[in-house]
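One-letter residues, chain by chain:
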Amino acid sequence: MKKIIIIGAVFLVAVLSVVAFFVIDSKPDKLTEKEKEKALTKILGRKANTEGEKTGNVSYSGKYASFVYPAKAKVYKYVDPDSKKNKSIVERLSFDIEDPRLILIYTVEQNPNPVGTIEDYPAVKLREDKSSGYVRSGFTVDSERGITFSKSGSGEARAEKTSFFLRGNLIYTISITGTNIIDITDLFKLITGSFTFNT
């Protein structure tokens, strides 16, 4: 009888070992995208960024103007509390691009002290100062003449391309900064080439 119990126990251990091997060795089914995202969120302790780099362009359509910009741009939702107090700014868009590193600031400002020409605008006068390193040129967007200032940077110095347009009682500013004037110019051409006034 002892022999039968020992043989039965060995047989039971062998069967359980085979079953355990198949359970442990079996590969799990592939996770769905939702399950992957849930697992990554649990591991990271925050929502996982599972999107790849966006390609192509997207459209901005504001109350005062429309244009396209790269889809990979990260649009800023945060608005500086001090600039919120400035009631003369009626439209704004800010974004940055990581590679190449570029920052765009677009604003439409109601002219608080009506100026006769865009040359009378303080930001233009500031850039007119020859010691500032800006180069001035005329520029036309959507049949509207404006002024563009360019400044090359090197090393830590920022390069910049900024255009100003006076249309009615509104001052439009398109400003792009970065470290490489060629990358800035490429983005500038994309935006200004598609720019249309909505008013």
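All figures in this text were calculated on a predicted structure; none of them were measured in a lab.

Draft legend 1. Representation of the sheet that holds strand β2 (residues 65-70) within the structure. Overall, antiparallel pairing links the three strands, which are arranged β1-β2-β10 in an open sheet. What marks the edges here is a single partner per strand, and that holds for β1 (57-61) and β10 (196-197). Inspection of the sheet shows β2 paired to β10 by two bridges, in the antiparallel sense. Looking across to β10, one finds that Ser 66 is bridged to Thr 196. Sitting on the sheet, helix α5 (residues 181-194) touches β1, β2 and β10, and the angle it makes with β2 is about 150°.

Draft legend 2. Representation of the nonpolar core. Within the largest apolar cluster, 26 residues are counted, with the highest numbers of intra-cluster contacts made by Phe 67, Tyr 69, Phe 95, Tyr 106, Tyr 172, Ile 191 and Phe 195. Mapped onto this core, the elements with two or more residues apiece are β2, β4 (89-97), β5 (102-110), β8 (159-167), β9 (170-178) and α5. The contacts of Phe 195, once residues within four sequence positions are left out, are Ala 65, Ser 66, Phe 67, Tyr 106, Val 141, Asp 142, Tyr 172 and Ile 174. In terms of nonpolar packing, the next biggest core, distinct from the first, is built from nine residues, Ile 118, Ile 147, Phe 164 and Leu 166 among them.

Draft legend 3. Examining the pattern of salt bridges more closely. Scanning the entire structure with this criterion turns up five salt bridges. A salt bridge links Arg 127 to Glu 160, with the shortest nitrogen-to-oxygen separation between them at 3.0 Å. Of this pair, Arg 127 sits in helix α4 (residues 122-128) while Glu 160 sits in strand β8; the two residues are 33 residues apart in sequence, bridging distant segments of the chain. We note that Arg 127, like Glu 160, is buried.

Draft legend 4. Representation of the pairing of β8 in the model. Across the nine residues of β8, eight count as buried, placing the element largely inside the fold. Counting the residues that bridge the hairpin from β8 to β9 gives two residues, and of these Gly 168 lies at a positive phi of roughly 65°.

Draft legend 5. Spatial organisation of the pairing of β9. Along β9, nine of the nine residues are buried, which leaves the element largely enclosed by surrounding structure. Of the two faces of β9, the one carrying Leu 170, Tyr 172, Ile 174, Ile 176 and Gly 178 and the one carrying Ile 171, Thr 173, Ser 175 and Thr 177 are both buried. Pairing of β5 with β9, which is carried by nine bridges, proceeds in the antiparallel orientation. Bridge pairing in β9 links Ile 103 to Thr 177. Bridge analysis of β8 against β9 gives nine bridges, and the strand direction is antiparallel. Bridge assignment links Ala 159 to a residue of β9, and that residue is Gly 178.

Draft legend 6. Representation of the side chain of Ser 150 in the model. Inspection of the secondary structure assignment puts Ser 150 in strand β7 (residues 144-151). For Ser 150, a relative accessible area of 16% gives the class buried. Ignoring anything within four residues of it in the chain, the contact list for Ser 150 reads Gly 133, Tyr 134, Val 135, Glu 160 and Lys 161.

Draft legend 7. Quick peek at α5. Under the 1.5 Å per step criterion, the end-to-end length of α5 is 20 Å for 14 residues, consistent within 8% with the ideal 20 Å. For α5, the set of buried residues is Ile 184, Thr 185, Leu 187, Phe 188, Ile 191 and Thr 192. Looking straight down α5, one finds that the buried residues subtend no more than 165° of arc, so they occupy a single side. Across α5 from its buried face, at more than 90 degrees, point the exposed residues Ile 182, Lys 189 and Gly 193. Taking the backbone nitrogen of Ile 182 as reference, a side-chain oxygen 2.7 Å away marks Asn 180 as the first, capping residue of α5.

Conventions used here
Residues numbered from 1 in each chain as written. Predicted model: local features only at pLDDT ≥ 70, side-chain atom pairs only at ≥ 80, totals over all residues. Heavy atoms only, no water. Pairing = 2+ DSSP bridges. Helix = DSSP H or I, 4+ residues; strand = E, 2+ residues; numbered from the N terminus. Contact = heavy atoms within 4.5 Å. Axes fitted to C-alpha atoms, helices over the stretch in contact; angles between N-to-C directions. Core = buried A, V, L, I, M, F, W, Y, C linked by side-chain atoms within 4.5 Å. Buried < 20%, exposed > 50% of the residue type's maximum accessible area, 1.4 Å probe, protein only. Salt bridge = Lys/Arg side-chain N within 4 Å of Asp/Glu carboxyl O. Expected span 1.5 Å × (residues − 1). Arc of directions from axis to C-beta. Polar contact = N/O pair within 3.5 Å; in protein donor to acceptor, adjacent residues only side chain to side chain.

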